[in-house]
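Tertiary structure, described
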Amino acid sequence: MCGPDRTIYRWMDDALGERHHGHHHADHRRDSLADIEQEVRVLYARGDIDAGTFHRLKTLARSGELNWSDLARLRHDAAAPARREEPRLPRPRDAATVGGLNRLYAYRSRLEKARGEAEQMLQTLEAQASRLRAQAESAAESARLALPDEQRAREFLETREALLGHVGVLETRMASLREGLRRIETLRDQLATREAELKALESDEQLAELELRIREDLPNGE
């Protein structure tokens, strides 16, 4: 093959080669970021950094803003002064996470209590409103039967209007209770979301320590 055809095929080979090199570079960068993040986990599991620093460095590692030189400085700082080797104790739960979860549990308990009270009150008001409506219908029927005595019929109708007025007040209160129950459900959902976030953070910390223990127990640091 010669002439323009050879030039075209050479250009295609070069383009495909550059694309393959680009994919290889991207894969290598992803692997490097994952390795750096893993090293951050090891530092945390060893106790060289606290929980706040762990989460901050993990974010930097994932965004590519943390490199091996930064980790080397962290390891150097953690190694000085040299510490006597002691049996490793389980890392205590992070106080901020535990405190946050305990507050969420307390809020959830209060919301459950408030929901129970609101639902009970709503049932009571609904029963009262139903009873008053039945009385109003009975008064209307009595007014009809009282005719042609207009005076008695008017008295029954006034009674009916008074009863329906009470029903209106109860319906306003019931609407407020239903709105309160909707707000309680919204708050419960928000608490559940925040609880899941805190538990995920705590799980991540515990996993980092577990990974370190496994790596230490494996032969040749595998």
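Residues numbered from 1 in each chain as written. Predicted model: local features only at pLDDT ≥ 70, side-chain atom pairs only at ≥ 80, totals over all residues. Heavy atoms only, no water.

A look at the overall build of the chain
From N to C terminus, the chain includes five helices and zero strands. Starting at the N terminus and walking to the C terminus, you meet the elements of the chain as α-α-α-α-α. Taking all 222 residues of the chain together, 24% fall into the buried category. Taking as baseline every contact in the chain between residues at least 6 positions apart, the subset at least 24 positions apart corresponds to 79%. Per element, the accessible surface of the chain, about 15,900 Å² overall, is 53% carbon and sulfur. (Helix = DSSP H or I, 4+ residues; strand = E, 2+ residues; numbered from the N terminus. Buried < 20%, exposed > 50% of the residue type's maximum accessible area, 1.4 Å probe, protein only. Contact = heavy atoms within 4.5 Å. Areas by Shrake-Rupley, 256 points an atom, 1.4 Å probe, with all protein chains shown as cover.)

Quick word on helix H5 (residues 150–217)
Helix length check: H5, at 68 residues, gives a terminal C-alpha distance of 99 Å against a target of 100 Å (1.5 Å per residue), a fit within 8%. Residue aspartate 149 occupies the N-cap position of H5, its side-chain oxygen lying 3.3 Å from the main-chain nitrogen of glutamine 151. (Expected span 1.5 Å × (residues − 1). Polar contact = N/O pair within 3.5 Å; in protein donor to acceptor, adjacent residues only side chain to side chain.)

Observations regarding the confidence of the model for the chain
Note that predicted coordinates carrying low pLDDT should not be read in detail. Confidence along the chain averages 79 in pLDDT terms, with 77% of residues attaining 70 or more. Ranking the elements of the chain by mean pLDDT puts helix H1 (residues 4–45) last, at 58, and helix H4 (residues 95–146) first, at 93. Predicted confidence is poor over residues 1–9, with pLDDT under 50, and the contacts of this stretch with residues over four places away or in other chains come to two contacts. (pLDDT = per-residue confidence, 0-100.)

Quick notes on the packing of H4 against H5
Packing of H4 against H5 brings their axes to within 7 Å, and their N-to-C directions diverge by 165 degrees. Classified by the angle their axes make, H4 and H5 are roughly antiparallel. As for how H4 packs across H5, the hand of that crossing is left-handed. Of the residues assigned to the contact of H4 with H5, the class counts are 32 nonpolar, seven polar and 17 charged. (Axes fitted to C-alpha atoms, helices over the stretch in contact; angles between N-to-C directions. Parallel < 35°, antiparallel > 145°, perpendicular 65-115°, else oblique. Left-handed = near helix turned anticlockwise from the far one by under 90°. Nonpolar A, V, L, I, M, F, W, Y, C, P; charged D, E, K, R; others polar.)

Examining the side chain of glutamate 39
Along the polypeptide, glutamate 39 turns up in helix H1. Contact partners of glutamate 39, with chain neighbours within four places excluded, come to Trp68, Leu71 and Arg75.

Notes on the environment of leucine 201
Tracing the backbone shows leucine 201 in helix H5. Leucine 201 gets classed as partly exposed once you look at its relative accessible area, which sits at 31%. Taking the C-alpha atoms as reference points, leucine 201 and alanine 51, 150 residues apart in sequence, are found 9.5 Å from one another.

Considering the environment of arginine 115
Relative to the assigned elements, arginine 115 resides in helix H4. A C-alpha to C-alpha distance of 6.8 Å links arginine 115 and isoleucine 184, two positions 69 residues apart in sequence. If we skip the residues at most four places from it in the chain, arginine 115 touches Leu181, Ile184, Glu185 and Arg188. Here the side chain of arginine 115 touches glutamate 185 through a polar contact of 3.1 Å, side chain to side chain.

Here we look at a nonpolar patch on the surface
Among the surface-exposed residues, Leu207, Leu210 and Ile214 lie close enough to one another that they form a single nonpolar patch of about 250 Å² accessible area. Along the chain, the position of leucine 207 falls in helix H5. (Patch = residues over 30% accessible without salt bridge, like charges linked within 9 Å, V, L, I, M, F, W, Y side chains within 5 Å. Salt bridge = Lys/Arg side-chain N within 4 Å of Asp/Glu carboxyl O.)

What to know about the pattern of salt bridges
Close approach of charged atoms allows side chains with opposite charge to pair. Overall, the coordinates contain 15 salt bridges when judged by the stated rule. We note a salt bridge from glutamate 141 to arginine 144, for which the minimum N-O separation is 2.5 Å. Placement of the pair is glutamate 141 and arginine 144 together in helix H4, with a separation of three residues, close to one helical turn. Salt-bridge contacts for arginine 194 lead to glutamate 197; the nearest nitrogen and oxygen are separated by 3.0 Å.

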